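# Descriptive structure summary
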Amino acid sequence: LQYKIELRVRNHNTLTQMEIIREVATCMPSNYTVDLDDPDVFVLVEVFKSTFGVSIVEDYYRFQKFNVMELANAHNEPERFQQGAGRVQDKKQEDDTGTV
């Protein structure tokens, strides 16, 4: 398998980003290789102050980095909607009597 480490560090200055990446990479199985362009799995590393979190996920980019708003926007593109099929009705869709 191929992997990529995605690192996000906030309010932490004890370790450098490269030190963190190197340490996480030593924990990966020896048959895994690094692929920064098209990995099979992503190792998500979050460091906030002195708290460290790790997740291993698939399809990170396909699911818009698990950003719910981006997923909703991609799913609700206007060209996918038929007239009146959206969650929010446009005021311009009123009929002659003024009702929606």
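Residues numbered from 1 in each chain as written. Predicted model: local features only at pLDDT ≥ 70, side-chain atom pairs only at ≥ 80, totals over all residues. Heavy atoms only, no water.

Another aspect to go through is the nonpolar core. Of all hydrophobic cores here, the largest spans nine residues; its members are Tyr3, Ile5, Ile20, Val24, Met28, Val41, Val43, Val45 and Val47. Of all the secondary-structure elements, those providing two or more residues to this core are β1 (2-10), α1 (17-26) and β3 (41-48). Non-local contacts of Ile20, meaning those with residues more than four positions away in its chain, are made with Leu7, Val9, Leu15, Val45, Val47 and Phe52. (Core = buried A, V, L, I, M, F, W, Y, C linked by side-chain atoms within 4.5 Å. Buried < 20%, exposed > 50% of the residue type's maximum accessible area, 1.4 Å probe, protein only. Helix = DSSP H or I, 4+ residues; strand = E, 2+ residues; numbered from the N terminus. Contact = heavy atoms within 4.5 Å.)

All right, on to the packing of aromatic side chains then. We describe a pair of aromatic rings using the distance from one ring centre to the other and the angle between the two ring planes. A full pass over the atoms with the stated rule returns one aromatic pair. Residues Tyr3 and Tyr32 carry aromatic rings whose centres are separated by 6.4 Å and whose planes lie at 45 degrees to one another, so their mutual orientation is tilted. Remark: Tyr32 occurs in the loop between α1 and β2 (33-34) and Tyr3 occurs in strand β1; sequence separation between them is 29 residues. Residue classification places Tyr3 among the buried residues on the basis of a relative accessible area of 5%. (Phe/Tyr/Trp six-rings, centres within 6.5 Å; stacked < 30°, edge-to-face > 60°.)

You can see Asp35 is positioned in the loop between β2 and β3. Here Asp35 sits buried without a salt bridge, and the closest side chain of opposite charge, Lys4, lies 8.4 Å off (N-O distance). Polar contacts involving the side chain of Asp35 include one to the main-chain amide nitrogen of Asp37, which spans 2.9 Å. Looking at Asp35, its side chain comes within polar contact range of the main-chain nitrogen of Asp38, at 3.1 Å. Setting aside residues no more than four positions away along its own chain, Asp35 makes contact with Gln2, Tyr3 and Lys4. (Lys, Arg positive; Asp, Glu negative; His and termini not counted. Salt bridge = Lys/Arg side-chain N within 4 Å of Asp/Glu carboxyl O. Polar contact = N/O pair within 3.5 Å; in protein donor to acceptor, adjacent residues only side chain to side chain.)

For the rest of this paragraph, the subject is the pattern of salt bridges. Considering all chains together, one arrives at three salt bridges under this definition. With a closest N to O distance of 3.3 Å, Lys4 and Glu6 form a salt bridge. Across the pair, Glu6 and Lys4 agree in class, each one buried.

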